[in-house]
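Close look at the chain arrangement
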Amino acid sequence: MQTRRLGRSDLEVPVICFGCWAIAGGVWWGEQDEQDAIDAIHEAIDLGLNFFDTAEGYGAGASEELLGRGLRGVRDRAIVATKASPNHHSPEALKQACEDSLRRLDTDWIDLYQLHWPNREVPFEDTWAAMEDLIEEGKVRVGGVSNWGPGDLDEILRAGHPDVDQVSYSLLFRAIEYEIKPKCIEEDVSVLCYSPLMQGLLAGKFASPDDVPEGRARSRHFSKERPGTRHGEEGAERETFDAISAIGEIADEIGEEMTRVAIAWLIAQPGVGSVITGIRNPDQARDNAAAADLTLPSDVIDELRQVTEPLKAKLGPNADMWEGESRIR
Ligand SMILES: NC(=O)c1ccc[n+]([C@@H]2O[C@H](COP(=O)([O-])OP(=O)(O)OC[C@H]3O[C@@H](n4cnc5c(N)ncnc54)[C@H](OP(=O)(O)O)[C@@H]3O)[C@@H](O)[C@H]2O)c1
């Protein structure tokens, strides 16, 4: 599989990453068959999709533990990324969180350690100094951030150089194009795209907003009337489903699956290091890995951009998928 180097580091990763949030199951994702997840991990490694993203926060450690079990005996062939929750950003807490993640992942090192959301109560330079200690000690290879906006990036860049910013980016959520992606390109920070299928919306599973399960209808695309939303906004349900139909038509015209088209479009965007697709079973691993071989013609890339412009305009530059008052600054 095609690989890209992250930021200024020497870490080369495949253009597609296996997102491990959904395999934790739970309230947001529903039941997960554990063997399916382990088989998916093995299948992915065989396909060269050997880059895995998890977090201490996914299922309160359950996702890290499951990934650790899946990688038993094949850890050397995998690249593991995890994240420290914002309440663990003081130097002592970060070091303890790293130890806890290493234990759950059953490994001696983390390839990419990310600060999951900014914690502005702790000076970024203190957190980053602890990250650099972890790198020095060989527990972490490369450090990064997630959900950092241009202001926070400016501040942390005074302390050091995170090699990635993991943010939400998909055809249905292009907010980072306003300010965050240009900033990342300028500063050599690779963009890792999360929720590239907009949590299944771009798999064409749902014909209307009412079909979307509660846990997945919490984003700013959906009306504030839907249970579980926190954004207080009217949403953009019509624009979202118009965009899904238009993307589906383009995929049909070129004879491709919409999921693969959505992933391939992101891979083609400047600044993108890797696309983190949530995967729950071996079929999804195979399907999504195949997107790495799909090169979209430039007119199709442009057409996909055009049909998603109205949605981009409606949702605006707030890169926070869930909150009206952005936590990403
Ligand atoms: N840093 C952050 O704050 C943050 C936030 C969100 C996510 N992430 C990371 O990004 C990863 C991906 O994001 P995500 O899980 O939110 O959303 P996603 O990748 O947009 O969507 C994942 C869902 O899409 C469906 N899917 C995937 N491949 C498919 C295929 N080939 N055919 C049909 N359906 C398919 C599955 O739905 P079913 O469940 O219905 O099978 C899967 O659960 C996460 O696992 C996590 O690692 C990070």
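This section reports on the structure supplied with the text. Note that this is a predicted model, so its numbers are computed, not measured.

A count of helices and strands for the protein gives twelve helices and ten strands. Here the C-alpha atoms of the protein give a radius of gyration of 19 Å, agreeing with the 20 Å that 2.2 N^0.38 yields for 329 residues. The dimensions of the protein, computed from C-alpha atoms along their principal axes, are 50 × 40 × 40 Å. When each of the 329 residues of the protein is scored for burial, the buried share is 60%. For the protein, contacts bridging at least 24 residues in sequence account for 74% of all contacts bridging at least 6. Entry remark: accessible area of the protein is about 13,200 Å², with carbon and sulfur atoms responsible for 43%.

By the secondary structure assignment, Glu239 is in helix H8 (residues 237-253). Judged by relative accessible area, which is 13%, Glu239 ranks as buried. Beyond its immediate sequence surroundings of up to four residues, Glu239 is in contact with Pro310, Leu311 and Lys314.

This part is about a negative patch on the surface. There is a patch of like negative charges on the surface, built from Glu249, Asp252, Glu253, Asp299 and Glu303. Of all the secondary-structure elements, those providing two or more residues to the negative patch are H8 and helix H11 (298-307). For the negative patch, the element with the most residues is H8, which contributes three residues. Checked against the element boundaries, Glu303 lands in helix H11.

A few words on the nonpolar core. By size, the foremost hydrophobic cluster in this structure holds 93 residues, and its most contacted members are Phe18, Phe52, Leu71, Tyr113, Leu172, Leu201 and Leu304. Ranked by residues supplied to this core, first place goes to helix H9 (residues 258-267) with eight residues. In contact with Leu172, other than residues within four places in its own chain, are Met198, Leu201, Leu202, His221, Thr240, Ala243, Ile244, Ile247, Leu311 and Leu315. Among the nonpolar cores identified, the runner-up in size contains twelve residues, and Leu6, Phe51, Ile79 and Ile276 belong to it.

Within strand S7 (residues 140-146), six of the seven residues are buried, which leaves it mostly tucked inside the rest of the structure. Handedness of the crossover joining strand S6 (residues 110-115) and S7 through helix H5 (residues 124-136): right-handed. For the segment spanning S7, helix H6 (residues 150-157) and strand S8 (residues 164-168), crossover handedness is right-handed.

Side chains that are three or four residues apart share a direction in an α-helix, a result of its 3.6 residues per turn. Over its 15 residues, helix H4 (residues 91-105) runs 21 Å from end to end, which matches the ideal 21 Å to within 8%, given 1.5 Å per residue. Taken together, the buried positions of H4 are Ala93, Leu94, Ala97, Cys98, Ser101, Leu102, Arg104 and Leu105. Lining the buried residues of H4 we find helix H3 (62-70), strand S5 (79-84), S6, H5 and S7. A positive backbone phi angle near 55 degrees is found at Asp106, which sits one or two residues after H4.

Here we take up the pairing of strand S3 (residues 16-19). Here is the key point about a regular strand: its side chains alternate between the two faces of the sheet. Side-chain alternation along S3 places Ile16 and Phe18 on one buried face and Cys17 and Gly19 on a second face that is also buried. Bridge count between S3 and strand S10 (residues 272-278): four bridges; the pairing is parallel. Following the sheet pairing, Phe18 is matched in S10 by Thr277. Taken together, the two bridges between S3 and strand S4 (residues 51-53) define a ladder with parallel strand orientation. When the sheet's bridge partners are listed, Phe18 is paired in S4 with Phe52.

Bringing the site of the ligand into the picture now. Residues in contact with the ligand amount to 32 residues; listed here are only the nearest, Asp53, Leu197, Arg216, Gly278 and Asn288. Ser195 has a polar side-chain atom sitting 2.9 Å from an oxygen atom of the ligand. Between Lys205 and the ligand, the recorded distance is 2.8 Å, taken from a side-chain N or O atom to an oxygen atom. Here the ligand has 900 Å² of accessible area as a free molecule, and 93% of this is covered by the chains.

Before going further, it helps to examine the environment of Pro118. Mapped onto the fold, Pro118 is located in the loop between S6 and H5. The exposure class of Pro118 is buried, given its relative accessible area of 11%. For Pro118 and Glu31, which are 87 residues apart along the polypeptide, the C-alpha to C-alpha distance reads 30 Å. Non-local contacts of Pro118, meaning those with residues more than four positions away in its chain, are made with Pro86, Phe124, Ser146, Asn147, Trp148, Asp152 and Arg327.

Conventions adopted
Residues numbered from 1 in each chain as written. Predicted model: local features only at pLDDT ≥ 70, side-chain atom pairs only at ≥ 80, totals over all residues. Heavy atoms only, no water. Helix = DSSP H or I, 4+ residues; strand = E, 2+ residues; numbered from the N terminus. Rg over C-alpha atoms; globule rule 2.2 N^0.38 Å. Buried < 20%, exposed > 50% of the residue type's maximum accessible area, 1.4 Å probe, protein only. Contact = heavy atoms within 4.5 Å. Areas by Shrake-Rupley, 256 points an atom, 1.4 Å probe, with all protein chains shown as cover. Patch = residues over 30% accessible without salt bridge, like charges linked within 9 Å, V, L, I, M, F, W, Y side chains within 5 Å. Salt bridge = Lys/Arg side-chain N within 4 Å of Asp/Glu carboxyl O. Lys, Arg positive; Asp, Glu negative; His and termini not counted. Charge placed at Lys NZ, Arg CZ, Asp CG, Glu CD. Core = buried A, V, L, I, M, F, W, Y, C linked by side-chain atoms within 4.5 Å. Right-handed = clockwise from strand over helix to strand, strands pointing away. Expected span 1.5 Å × (residues − 1). Pairing = 2+ DSSP bridges. Near = heavy atom within 4 Å. Polar contact = N/O pair within 3.5 Å; in protein donor to acceptor, adjacent residues only side chain to side chain.

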